[in-house]
Amino acid sequence: MVVSWVSRAVHSLVMAAKYNVVFVLGGPGAGKGTQCAKIVEKFGYVHLSAGDLLREERAKSGSEYGELIDGHIKNGTIVPVEITCRLLERAMKVCTQRCLDRGAAGSGRTDDNIESLKKRFDTYMNATMPIIEHYESKGLVRTIDATRNVDEIFDDVSKLFA
Ligand code: ADP
Ligand code: MG
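Analysis parameters
Residues numbered from 1 in each chain as written. Chains lettered and ligands numbered in written order. Predicted model: local features only at pLDDT ≥ 70, side-chain atom pairs only at ≥ 80, totals over all residues. Heavy atoms only, no water. Core = buried A, V, L, I, M, F, W, Y, C linked by side-chain atoms within 4.5 Å. Buried < 20%, exposed > 50% of the residue type's maximum accessible area, 1.4 Å probe, protein only. Helix = DSSP H or I, 4+ residues; strand = E, 2+ residues; numbered from the N terminus. Contact = heavy atoms within 4.5 Å. Near = heavy atom within 4 Å. Polar contact = N/O pair within 3.5 Å; in protein donor to acceptor, adjacent residues only side chain to side chain. Areas by Shrake-Rupley, 256 points an atom, 1.4 Å probe, with all protein chains shown as cover. Nonpolar A, V, L, I, M, F, W, Y, C, P; charged D, E, K, R; others polar. Patch = residues over 30% accessible without salt bridge, like charges linked within 9 Å, V, L, I, M, F, W, Y side chains within 5 Å. Salt bridge = Lys/Arg side-chain N within 4 Å of Asp/Glu carboxyl O. Axes fitted to C-alpha atoms, helices over the stretch in contact; angles between N-to-C directions. Parallel < 35°, antiparallel > 145°, perpendicular 65-115°, else oblique. Left-handed = near helix turned anticlockwise from the far one by under 90°.

A word on the nonpolar core
Part 1 of the reasoning: In this structure, Leu53, Leu54, Tyr65, Ile69, Val79, Ile83 and Leu87 together form the largest nonpolar core, which totals seven residues.
Part 2 of the reasoning: At the level of secondary structure, the elements contributing two or more residues to this core comprise α3 (50-59) and α5 (81-104).
Part 3 of the reasoning: The residues touching Ile83, leaving out its near neighbours within four places in the chain, are Tyr65, Leu68 and Ile69.

The following block contains the structure:
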């Protein structure tokens, strides 16, 4: 059974590999997370795990979906697809949408457009990530979830300076 889950997961990967967005499917414990971590490392993708996003959202104080997500996770049932998609969309747009909004608001930056942004994210993954990884291996990197509002983020930033 596990073998068939794994081979199905690999199959979905192969089918979708020519696109920028790859869906990795498979039963619980099929090894999706394990393979995705390797895909991120080797091919420079960003991995958005629906399960991780839901667990993160559940843990947020004041989340309007927290209780509902918690119920579904405990029951092993499926969280309404609109909620999962909203979380995925939010995670995919965070940075790009901010730069596009900044461009639309008249930043005057010639690189706040979708073509430049694609290249800037490639550069980030190829040129900046290795540097982050280098310092991470020395224990010098502190990571902060920047998907929240400015003040929540700054609370965490402040702790690093305290
Ligand atoms: P998923 O994200 O699909 O639920 P994980 O990647 O978290 O699955 O893997 C579930 C468990 O199985 C983890 O403990 C992982 O280390 C282990 N695992 C992953 N791939 C394999 C494999 N090919 N052979 C044996 N164990 C594996
Ligand atoms: Mg997983």
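Quick look at the site of ligand 1
Part 1 of the reasoning: Ligand 1 sits among Gly27, Gly29, Ala30, Gly31, Lys32, Gly33 and Thr34.
Part 2 of the reasoning: A distance of 2.9 Å is found between an oxygen atom of ligand 1 and a backbone nitrogen or oxygen belonging to Gly29.
Part 3 of the reasoning: The contact in question runs from an oxygen atom of ligand 1 to an N or O atom on the backbone of Lys32, over 2.8 Å.
Part 4 of the reasoning: Relative to its free-state accessible area of 560 Å², ligand 1 is covered by the protein chains to the extent of 38%.
Part 5 of the reasoning: Tallied by class, residues from the shell around ligand 1 come to one nonpolar, five polar and one charged.

Brief notes about a nonpolar patch on the surface
Part 1 of the reasoning: A cluster of nonpolar side chains, namely Val21, Phe23, Leu25 and Met92, defines an oily patch on the protein surface of about 420 Å² accessible area.
Part 2 of the reasoning: Structurally, the position occupied by Val21 is in the loop between α1 (2-16) and α2 (32-43).

Brief notes about the pattern of salt bridges
Part 1 of the reasoning: All chains considered together, the criterion is met by ten salt bridges.
Part 2 of the reasoning: The shortest N-O distance in the salt bridge between Lys60 and Glu57 comes to 3.5 Å.
Part 3 of the reasoning: Its salt-bridge partner being Asp111, residue Arg109 comes within 3.0 Å of it at the nearest N-O pair.
Part 4 of the reasoning: Assessed through its relative accessible area of 40%, Arg109 is described here as partly exposed.
Part 5 of the reasoning: Through salt bridges with shared partners, a single network forms among Arg102, Arg109, Asp111, Asp112 and Arg120.

What about the packing of α5 against helix α6 (residues 114-137)?
Part 1 of the reasoning: Two elements in contact, α5 and α6, have axes whose closest approach is 11 Å; the angle formed by their N-to-C orientations is 140 degrees. Here α5 is positioned oblique relative to α6, judged by the angle of their axes. Handedness of the crossing formed by α5 with α6: right-handed. Of the residues in α6, those in contact with Cys95, Thr96, Cys99, Leu100 and Arg102 of α5 are Ile114, Leu117, Arg120 and Phe121.
Part 2 of the reasoning: Broken down by class, the residue content of the contact of α5 with α6 amounts to six nonpolar, one polar and two charged.

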